[in-house]
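# Remarks on the overall topology
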Amino acid sequence: MFMASNQFRVIKGCEETFETAWNESSARLKEAAGLIGFRFQKGREIGPHVLYFSVTMWETEERFIDWRRAELYGTPSVGPRCASRLEEFDAAVSRSNPQ
């Protein structure tokens, strides 16, 4: 299994716009080959931003890369006034617990 995690810094006051854009793009994500599942969560406020997090789980890293190449990957489009910053984190996950 492969997991990809993103953190979005969204300008305060643009939360509804961002969430609407995310919901529209997640409809396409649900159809991706090799997708096991995903989570999207609103986090806390930090300064002028509100944090959002997404985690996607894939059968393999290759399936994730295939989807990433095929899609317009990245931050959902919310317009220049509500621009957000994307930070990405990836990890391969073993199915067995080493403990």
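Residues numbered from 1 in each chain as written. Predicted model: local features only at pLDDT ≥ 70, side-chain atom pairs only at ≥ 80, totals over all residues. Heavy atoms only, no water.

### Re the pattern of salt bridges
Overall, the coordinates contain two salt bridges when judged by the stated rule. With a closest N to O distance of 3.2 Å, glutamate 45 and lysine 12 form a salt bridge. Of the two residues, glutamate 45 is situated in strand β2 (residues 35–46) and lysine 12 in the loop between β1 (2–11) and α1 (15–29); the sequence distance between them amounts to 33 residues. Note on lysine 12: relative accessible area 36%, which makes it partly exposed. Glutamate 59 serves as the salt-bridge partner of arginine 63, at 3.8 Å between the closest nitrogen and oxygen. (Salt bridge = Lys/Arg side-chain N within 4 Å of Asp/Glu carboxyl O. Helix = DSSP H or I, 4+ residues; strand = E, 2+ residues; numbered from the N terminus. Buried < 20%, exposed > 50% of the residue type's maximum accessible area, 1.4 Å probe, protein only.)

### A short note on the environment of alanine 70
Looking at the secondary structure, you find alanine 70 in helix α2 (residues 61–70). Among the residues examined, alanine 70 registers a relative accessible area of 65% and is labelled exposed. Residues alanine 70 and alanine 32, 38 residues apart in the sequence, show an inter-C-alpha distance of 9.7 Å.

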